[in-house]
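Fold and contact review
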Amino acid sequence: MFRGFYTAASGMLTQQRRTEMLANNMANANTPGFKADQTAISSFSDMLLQRIDSQNIPTENGFRIPVNETVGSISTGVYLQEAMPLYTQGDLNETGLATDLSLENGNLPDGSALFFTVAGEDGNTKYTRNGNFTLDSQGYLTSASGLYVLDTNGNRIQPGSESFTVNDEGYLTNAAGNTTRIGVAYAETTENLLKQGDGLFATEDNTALQNGYGNVAFRIHQGFLERSDVDTSRTMTDMMASYRTFEANQKVLQAYDRSMEKAVNEVGRLG
């Protein structure tokens, strides 16, 4: 009986966490370059139930040896696996701003991804798909949160003003005619990437990703922003399904509670 409490409770906790994840995806549906989280629900390993003293085997001296009989397996509940971002290409939205940049993936291998490179506050290189950049007071190209955008050599980019151009191959040319190339990193596999919030990603051991130029085909668009890859209609449907499943587990938990109350107050009554 008590196993039912744990099974229903684990289902409720799982659906609660899944709803929180989906709500975060929905809240970032309009965040440029946002990658929606996805996950899967798995069950814990099944356990075998055995009935004790179900059979007795007689021996030569008259004693009987009890033998356990396997009844079957029972599930101990479910859990939510680690959330992993979905690295699909978002639609491009034209803004007309010189500081807005977007990456358009070419024929990337499955499980790989491209990112702009920025300097993290901890001194390590971070990666982002959010090209909603701006210029600080000194004319450096920065992210919306103030992180410096890096070139292919890991240096800060200083256009000086918004009078600069960026071609498809990532070359930035300012008003003075100076040219630098915007840093683009390529991850052959996204399994080692960690989502850190504010649209940033990092590797597990902070090792730098390889240069994207020359390894895969892609283009950079100036005056465009990549939309998030959140499917709002499907996310809303998944949220409703998760909420209904939470309610179902809640009703099961209430039914177990009523059964236990009846067992204590009525079945277990003496006299």
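Residues numbered from 1 in each chain as written. Predicted model: local features only at pLDDT ≥ 70, side-chain atom pairs only at ≥ 80, totals over all residues. Heavy atoms only, no water.

Section: the sheet that holds strand β13 (residues 165–166)
Our working definition: By definition, two strands form a pair when at least two bridges between them are found by DSSP. Working definition: helices are DSSP H or I runs of at least four residues, strands are E runs of at least two. Numbering for both runs from the N terminus.
In spatial order, the strands read β13-β14-β15; together these three strands make up an open sheet with antiparallel pairing. Edge positions in the sheet fall to β13 and β15 (179–181), since each has one partner strand and no second. Pairing analysis gives two bridges linking β13 to strand β14 (residues 171–173), with the strands arranged antiparallel. Residue pairing for β14: threonine 165 is matched across the bridge by threonine 173.

Re unusual backbone geometry
Rule in force here: Exposed residues in this analysis have more than 50% of their type's maximum accessible area, buried residues have under 20%, and partly exposed residues fall in between, with area computed by a 1.4 Å probe over protein chains only.
The phi torsion at aspartate 198 lies on the positive side, around 60°, for a residue other than glycine. Here aspartate 198 shows up in the loop between β17 (193–197) and β18 (200–203). Aspartate 198 gets classed as exposed once you look at its relative accessible area, which sits at 57%. Notably, asparagine 206 is not glycine yet its phi reads approximately 60°, a positive angle. In this fold, asparagine 206 is placed in the loop between β18 and β19 (210–211). By relative accessible area, asparagine 206 is classed as partly exposed at 38%.

Some thoughts on the environment of threonine 31
Counting through the fold element by element, threonine 31 comes out in the loop between α1 (2–27) and β1 (37–38). Each C-alpha atom of the pair threonine 31 and valine 230 lies 9.6 Å from the other, and the pair is 199 residues apart in sequence.

Looking at the sheet that holds strand β9 (residues 113–119)
Ordered by their spatial adjacency, six strands build an open sheet running β17-β18-β10-β9-β16-β19, and the pairing between neighbours is antiparallel. In this open sheet, the two edge strands, each paired with only one partner strand, are β17 and β19. The pairing of β17 with β18 spans four bridges and is antiparallel. Counterpart to leucine 194 in the pairing with β18 is alanine 202.

A short note on the packing of aromatic side chains
The following threshold applies: Stacked, edge-to-face and tilted are the three classes for Phe, Tyr and Trp ring pairs, Trp counted by its six-membered ring, which pair at centre distances within 6.5 Å; planes under 30 degrees apart are stacked, over 60 edge-to-face, the rest tilted. Here, a charge over a ring is recorded when the distance from Lys NZ or Arg CZ to the ring centre is within 6 Å and its angle to the ring normal is within 35 degrees.
The tally for this structure, following the rule as stated, stands at seven aromatic pairs. Judged by centre distance (6.1 Å) and plane angle (90°), the ring pair of tyrosine 87 and phenylalanine 115 falls under edge-to-face. Of this pair, tyrosine 87 sits in the loop between β6 (84–85) and β7 (92–94) while phenylalanine 115 sits in strand β9, placing them 28 residues apart in sequence. Note on accessibility: tyrosine 87 and phenylalanine 115 belong to one class, buried. Ring centres of tyrosine 140 and tyrosine 148 lie 5.5 Å apart, and the angle between their planes is 80°; on these two criteria the pair is classed as edge-to-face. In textbook terms, an aromatic cluster arises when at least three aromatic residues are bridged by ring pairs, as seen for Tyr87, Phe115, Tyr127 and Phe201. If you follow arginine 156 out to its NZ or CZ, it ends over the ring of tyrosine 140, 5.9 Å from the centre. Lying across the ring of tyrosine 148, arginine 156 places its NZ or CZ 3.8 Å from the centre.

Examining the environment of threonine 190
With respect to the helices and strands, the residue threonine 190 is situated in the loop between β16 (184–187) and β17. Each C-alpha atom, one on threonine 190 and one on serine 112, is 5.9 Å from the other, the two residues being 78 residues apart in sequence.

Focus: the pattern of salt bridges
Condition: The salt bridge definition used is simple: a Lys or Arg side-chain nitrogen within 4 Å of an Asp or Glu carboxyl oxygen.
Counted according to the given criterion, the structure contains eight salt bridges. Of the charged contacts in the structure, one is a salt bridge between aspartate 168 and arginine 219, with a shortest N-O distance of 4.0 Å. Here arginine 219 lies in strand β20 (residues 218–222) and aspartate 168 lies in the loop between β13 and β14, a separation of 51 residues in the sequence. Judged by its relative accessible area of 37%, aspartate 168 is partly exposed. Overall, arginine 219 belongs to the partly exposed group, its relative accessible area being 39%. Here the salt bridges do not stand alone but share partners, grouping Lys35, Arg129 and Glu226 into one network.

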